[in-house]
Amino acid sequence: PPPGVEIARCALDGVDLSGLAPILDRFGLRLNGTRLSGSARVTRVGEGLRIATRLDAHELTLDHKQIAPRPIGPLRARLDGSLDYDRSGLSLGPARISIGELGFEAKARLRVRPGGEGAQLSAKLWMAEAPCQRVLAGLPRGFVPALQGMALEGSVGATLRLKLDTADLEAGEVDVAFEPLG
């Protein structure tokens, strides 16, 4: 089909994700009882494909000791964005991600070298500046138990950038910045 033409469309309404639990449990995502709703649309873009999604997950639990001492959830999460695929790799975004009341935006690019000789990844995740108290209130219960009930003033935003190259992992970069910096 020519560019811009819809190739496929699907709608999800409360799809039980428990069948994926054995795969994602090792990453700390507990899917037992998680339901997924939303839509996805596939269109042709240039020489590649675009998958545009709006997906809502309900009853998602995060259980990863490096993130929080106790399981976090059940959570409500939303992904609203697109993924482009062509011969050179994958591009995400910008995509909007919300977890509970917190909102983020993300962009990423994965380039695969010809012949499968490695790959490069660049990614950016950011949260727009918002009042600190609203951010604290939006944190999922169990995320930072010591901060429950605390009152904060001011505002905060954050940006995480990541660059990796499989040919030179030591040259990888991770940058975290909080705003405002004053």
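Below is a short write-up of the structure. This structure is a prediction, so every number in the text was calculated from the model and none was measured. (Residues numbered from 1 in each chain as written. Predicted model: local features only at pLDDT ≥ 70, side-chain atom pairs only at ≥ 80, totals over all residues. Heavy atoms only, no water.)

### Re the packing of aromatic side chains
Item 1. Tallied over the full model, the rule gives zero aromatic pairs.
Item 2. The aromatic ring of Trp 126 is capped on one face by Lys 124, whose charged end is 4.6 Å from the ring centroid. (Phe/Tyr/Trp six-rings, centres within 6.5 Å; stacked < 30°, edge-to-face > 60°. Lys NZ or Arg CZ within 6 Å of the ring centre and 35° of its normal.)

### Describing the environment of Arg 134
Item 1. Residue placement: Arg 134 occurs in helix α2 (residues 132-138).
Item 2. The class of Arg 134 is exposed, set by a relative accessible area of 56%.
Item 3. Considered as a pair, Arg 134 and His 58 are 76 residues apart in the sequence and their alpha carbons are 22 Å apart. (Helix = DSSP H or I, 4+ residues; strand = E, 2+ residues; numbered from the N terminus. Buried < 20%, exposed > 50% of the residue type's maximum accessible area, 1.4 Å probe, protein only.)

### Details of the pairing of strand β8 (residues 119-131)
Item 1. With eight bridges connecting them, strand β7 (residues 102-112) and β8 associate as antiparallel partners. By the bridge assignment, Arg 111 is partnered in β8 with Gln 120.
Item 2. Counting the residues in the hairpin turn of β7 and β8 gives six residues, including Gly 115, whose phi is positive at 75 degrees.
Item 3. As defined by bridge partners, β8 adjoins strand β9 (residues 155-165) across ten bridges and the pair is classed as antiparallel. Within β9, the residue paired with Ala 130 across the bridge is Val 156. (Pairing = 2+ DSSP bridges.)

### A closer look at the side chain of Ser 91
Item 1. Looking at where Ser 91 falls in the secondary structure, it is placed in strand β6 (residues 89-99).
Item 2. Side-chain polar atoms of Ser 91 contact the side chain of Arg 109, separated by 2.6 Å.
Item 3. Not counting chain neighbours up to four residues away, the residues in contact with Ser 91 comprise Ser 82, Leu 83, Asp 84, Ala 108 and Arg 109. (Polar contact = N/O pair within 3.5 Å; in protein donor to acceptor, adjacent residues only side chain to side chain. Contact = heavy atoms within 4.5 Å.)

### Notes on the environment of Phe 143
Item 1. Here Phe 143 is to be found in the loop between α2 and β9.
Item 2. Residues Phe 143 and Ala 167, 24 residues apart in the sequence, show an inter-C-alpha distance of 35 Å.
Item 3. Here Phe 143 is in contact with Ile 67, Ala 68, Pro 69 and Ile 72, once residues within four sequence places are set aside.

### A few points about a nonpolar patch on the surface
Item 1. Residues Ile 7, Leu 49, Ile 51, Leu 83, Tyr 85, Leu 90, Leu 110 and Val 112 make up a contiguous nonpolar surface patch of about 610 Å² in total accessible area.
Item 2. At the level of elements, β4 (48-62), β5 (72-86) and β7 are the ones that each hand at least two residues to the nonpolar patch.
Item 3. Checked against the element boundaries, Ile 51 lands in strand β4.
Item 4. Note on Ile 51: relative accessible area 34%, which makes it partly exposed. (Patch = residues over 30% accessible without salt bridge, like charges linked within 9 Å, V, L, I, M, F, W, Y side chains within 5 Å. Areas by Shrake-Rupley, 256 points an atom, 1.4 Å probe, with all protein chains shown as cover. Salt bridge = Lys/Arg side-chain N within 4 Å of Asp/Glu carboxyl O.)

### Observations concerning the nonpolar core
Buried together is how nonpolar side chains tend to be arranged in soluble globular proteins.
Item 1. Counting twelve residues, the largest nonpolar core is built from Leu 17, Ala 21, Leu 31, Leu 36, Leu 55, Ala 57, Leu 60, Leu 62, Ala 68, Ile 72, Leu 75 and Ala 77.
Item 2. Looking at this core element by element, the count peaks at four residues for β4.
Item 3. Setting aside residues up to four positions removed in sequence, Leu 36 forms contacts with Leu 12, Asp 13, Gly 14, Val 15, Leu 17, Leu 55, Asp 56 and Ala 57. (Core = buried A, V, L, I, M, F, W, Y, C linked by side-chain atoms within 4.5 Å.)

### Overview of the pattern of salt bridges
Item 1. Enumeration over the complete set of coordinates arrives at ten salt bridges.
Item 2. One salt bridge in this structure joins Glu 6 and Arg 9, with 2.7 Å as the shortest N-O distance.
Item 3. Take Glu 6: its relative accessible area is 35%, and that puts it in the partly exposed class.
Item 4. For Glu 6, the salt bridge goes to Arg 41, with nearest N and O atoms at 3.5 Å. Placement of Glu 6 in strand β1 (residues 6-16) and of Arg 41 in strand β3 (residues 35-45) is noted, with a sequence separation of 35 residues between them.
Item 5. Relative accessible area serves as the criterion here: at 38%, Arg 41 is assigned to the partly exposed category.
Item 6. Here the residues in one salt-bridge network are Glu 6, Arg 9 and Arg 41, joined through shared partners.

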